[in-house]
Amino acid sequence: CAKKAGEKVRKKKVFFIVMGIFFGIAITSTISYVIAQTLINSKDVIYQDNSNLAANNVQSAIDGTCSKIDTRLSEIEDNLYKVKNIYESTYFTTTIASSYTGKYITLPAKSYCSITVCIYHSYARPNALALSTSSTERINTKETAYINGMIGNGHLCLTISEYNENAKNYYVWAATVLDGVSDLMDFSGFCATKYK
């Protein structure tokens, strides 16, 4: 007898759950339909154009605003630059005759760069410093030479400041008063590269 009563209770619970799900689906469908019928299309809403968007409805105003934002972002990106600071300290082997030191600077494409190269007199006083676009011959060089009477141990520095549309290498050439000595060289400056 208790078993039959338990089964009846379970059947009633299942019945109420099924009916609840059915009514829930019916109510949700009805509400969705009513909302869909009462929503207003943005093209049907009149827009008063105070922002020179040439729009007379809300949808056209939204589209015009997005288009203006895209144009302005593109203009901003055209004027953005990534700035990279450059500093490197290294050693090179000296030669009396002006020769390529084995060191070079790479200037990135679409970049404004200002970089100073210095060689220092630790053991062999520098006589000349040059930057060439070739590692095998001194061509298109920018150069400087040692001036007698410099104070202290002396050093030579050379600065390049230029814009390059394409990537470019400058090879460091140097001459000193001794062969085969390890002397100090450093590079410092920055390159500002176009964002896009």
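Report follows, based on the coordinates. (Residues numbered from 1 in each chain as written. Predicted model: local features only at pLDDT ≥ 70, side-chain atom pairs only at ≥ 80, totals over all residues. Heavy atoms only, no water.)

1. Some remarks on the overall build of the chain
For the chain, the count of helices and strands is two helices and eight strands. Along the chain, helices (α) and strands (β) appear in the sequence α-α-β-β-β-β-β-β-β-β when read from the amino end. Expressed as a percentage of its 196 residues, the buried residues of the chain come to 23%. Long-range contacts, defined here as pairs at least 24 residues apart, represent 77% of the contacts in the chain between residues at least 6 apart. (Helix = DSSP H or I, 4+ residues; strand = E, 2+ residues; numbered from the N terminus. Buried < 20%, exposed > 50% of the residue type's maximum accessible area, 1.4 Å probe, protein only. Contact = heavy atoms within 4.5 Å.)

2. Comments concerning the side chain of Asp 186
Along the chain, Asp 186 turns up in strand S8 (residues 182-194). For Asp 186, which is buried and forms no salt bridge, the nearest opposite charge comes from Lys 103, at a distance of 13 Å. In terms of polar contacts, Asp 186 uses its side chain to reach the side chain of Tyr 120, at 3.1 Å. Other than its neighbours up to four places away in sequence, Asp 186 contacts Tyr 87, Glu 88, Ser 89, Thr 116, Val 117, Cys 118 and Tyr 120. (Lys, Arg positive; Asp, Glu negative; His and termini not counted. Salt bridge = Lys/Arg side-chain N within 4 Å of Asp/Glu carboxyl O. Polar contact = N/O pair within 3.5 Å; in protein donor to acceptor, adjacent residues only side chain to side chain.)

3. Re the state of the cysteines
Overall, the coordinates contain two disulfides when judged by the stated rule. The disulfide bridge from Cys 113 ends at Cys 191, spanning 2.1 Å between sulfur atoms. What sets the handedness of the Cys 113 and Cys 191 disulfide is the S-S torsion sign, and at about 115 degrees it is right-handed. Residue Cys 113 is found in strand S3 (residues 111-120), and its partner Cys 191 is found in strand S8; the two are separated by 78 residues along the sequence. Comparing Cys 113 with Cys 191, the two get one shared label, buried. Here Cys 118 connects covalently by a disulfide to Cys 157, the sulfurs 1.9 Å from one another. Judged by the torsion about the S-S bond (110 degrees), the Cys 118/Cys 157 disulfide is right-handed. Taken together, the residues span a long stretch of sequence, with Cys 118 in strand S3 and Cys 157 in strand S6 (residues 155-164) at a distance of 39 residues. The buried category is assigned to Cys 118, whose relative accessible area is 6%. Overall, the relative accessible area of 33% leaves Cys 157 in the partly exposed class. (Disulfide = S-S within 2.5 Å.)

4. Section: the pattern of salt bridges
Inspection of the entire model under this criterion finds two salt bridges. The salt bridge involving Lys 110 is made with Glu 165; its shortest N-O contact spans 2.5 Å. Taken together, the residues Lys 110 in the loop between strand S2 (99-107) and S3 and Glu 165 in the loop between S6 and strand S7 (168-176) connect sequence positions 55 residues apart. The class for Lys 110 is partly exposed, based on a relative accessible area of 33%. Two residues, Glu 162 and Lys 168, come together in a salt bridge whose shortest N-O distance is 3.3 Å.

5. Some points on a nonpolar patch on the surface
A cluster of nonpolar residues, Tyr 81, Val 83, Tyr 112, Tyr 163 and Phe 190, forms a patch on the protein surface that exposes about 460 Å² of accessible area. You can see Tyr 163 is positioned in strand S6. (Patch = residues over 30% accessible without salt bridge, like charges linked within 9 Å, V, L, I, M, F, W, Y side chains within 5 Å. Areas by Shrake-Rupley, 256 points an atom, 1.4 Å probe, with all protein chains shown as cover.)

6. Describing the pairing of strand S4 (residues 126-132)
Across the seven residues that make up S4, a large majority, five, are buried. By the bridge criterion, six bridges tie S4 to S7 in an arrangement that is antiparallel. Its bridge partner lying in S7, Ala 130 is registered against Trp 173. (Pairing = 2+ DSSP bridges.)

7. Concerning the sheet that holds S3
Taken in spatial order, the four strands of this open sheet run S1-S8-S3-S6, and their pairing is antiparallel. Of all strands in the sheet, those bounded by a partner on one side alone are strand S1 (81-93) and S6. For this sheet, the mean inter-axis angle between neighbouring strands, taken without regard to orientation, is 10 degrees. One ladder, built from 13 bridges, connects S1 with S8; its direction is antiparallel. Bridging across to S8, Tyr 87 finds its partner in Ser 188. (Axes fitted to C-alpha atoms, helices over the stretch in contact; angles between N-to-C directions.)

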